[in-house]
Amino acid sequence: MNNNITGKTGVLGIIGWPVAHSLSPLMQNAACVALGLDYVYVPFPVAPENLRSAVDGLRVLGVAGFNVTIPHKEAIVGLLDGLTDEARLIGAVNTVKREGDRLIGHNTDAAGLIASLQGDLGFDIEGRRVLLLGAGGAARAAIVGLCRAGAASVIVANRTPEKAERFVADFRSVFSGANLALSPLDILKGDQRLKGVDLLINTTAVGLDGTTFDGLDLAPMAPCACVYDMVYTPPLTPLLAEARRNSLRFANGVGMLAAQGESAFSFWTGCEPPNGLMKSRLLAVLGSQDMLDNGLYSK
Ligand code: ATR
């Protein structure tokens, strides 16, 4: 933590509701200290009904930048002064930067996912076939990252089919180079179409606190396929346990959390955080270093 706060110290932070569980202060402050940058990163609990006044407050207080987490990522879009192309395409903002008097919204989740797939699984998306679970904000970031990185096809499976239909229709016109298709979540019940999936990604909250998908059976997946779960508590979600049972390579969302934070840090400060620092801080508090060492994150 910055122990030399002065009148010149830059303030960074995160808004969310709740926000007390956030691990971003830990990893962002660690990076500031490691690079000797005069910033401090603090949590701001903001209830949904207070979002507009909170954004106005952050603007007039001169905050240098902030992250945005649940439930504000989509609601904040209309309250900012500008958006990057990435944020506009995703329709959600997880990072805001002050530029003069203007607050610019950005999204680092798509880049964070792609960096984690590469770094944690050695998985290169180009030309690959993906099964994407969910059609909410996290899935929007995922499909933008995947299609931009050259995915050949993405099957979207969601609990509410109408939402998946709208989601696919939204992105078909943008990413004409990728084949976008729909499936019920029942595809997870040992469906033979799993044979043609190179990468399965869960963007839903299923897995949090040990919840699971009904009748989960990944046996048809090819031995070289990978499974990625954006959930990281518990570190080994039921989906990842099923991947392990089938000897598939897998990783949880810790790497994405770290990588989206690294991109946000660079966006604000113009500096690259020390390689691997954010992820190692996260693993230290999540008690997951043993799992990493024992090969549970990636075979
Ligand atoms: P986020 O920004 O985290 O993506 P979201 O926009 O609220 O959050 O989207 C949540 C996603 O998780 C949705 O795809 C949701 O499915 P529905 O469209 O059917 O609501 C999915 N989801 C949440 N809880 C789920 C559950 N218990 N089983 C299956 N899908 C679930």
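What counts and how
Residues numbered from 1 in each chain as written. Predicted model: local features only at pLDDT ≥ 70, side-chain atom pairs only at ≥ 80, totals over all residues. Heavy atoms only, no water. Axes fitted to C-alpha atoms, helices over the stretch in contact; angles between N-to-C directions. Helix = DSSP H or I, 4+ residues; strand = E, 2+ residues; numbered from the N terminus. Parallel < 35°, antiparallel > 145°, perpendicular 65-115°, else oblique. Left-handed = near helix turned anticlockwise from the far one by under 90°. Contact = heavy atoms within 4.5 Å. Nonpolar A, V, L, I, M, F, W, Y, C, P; charged D, E, K, R; others polar. Domains from an automatic or database assignment. Buried area = accessible area lost by both parts, 1.4 Å probe. Salt bridge = Lys/Arg side-chain N within 4 Å of Asp/Glu carboxyl O. Polar contact = N/O pair within 3.5 Å; in protein donor to acceptor, adjacent residues only side chain to side chain.

A. Inspection of the packing of helix H8 (residues 254-269) against helix H9 (residues 277-286) at higher detail. Where H8 contacts H9, the two axes come as close as 9 Å, and the packing angle between them is 140 degrees. Taken together, the axis directions place H8 and H9 in an arrangement best described as oblique. You can see that H8 and H9 cross each other, and the crossing is right-handed. Residues Val 254, Gly 255, Leu 257, Ala 258, Gly 261, Glu 262 and Phe 265 of H8 form the contact with H9, whose participating residues are Met 278, Lys 279, Leu 282, Leu 283 and Leu 286. Residue composition of the contact of H8 with H9, grouped by class: eight nonpolar, two polar and two charged.

B. Region of interest: the domain arrangement of the protein. Domain annotation for the protein reports domain 1 (10-107) and domain 2 (110-254). Taking only C-alpha atoms, the centre of domain 1 and the centre of domain 2 are 27 Å apart. At the junction of the two partners, domain 1 supplies six residues and domain 2 supplies eleven residues. Together domain 1 and domain 2 conceal approximately 710 Å² of surface at their shared face, both sides included; 57% is due to carbon and sulfur atoms. Its largest share of buried area at the contact with domain 2, domain 1 owes to Glu 86, Leu 89 and Ile 90, together 71% of the area lost on that side. Where domain 1 meets domain 2, there are one salt bridge. One salt bridge in this structure joins Glu 86 and Arg 148, with 2.1 Å as the shortest N-O distance. There are two residue pairs in polar contact (both at pLDDT 80 or more) connecting domain 1 and domain 2.

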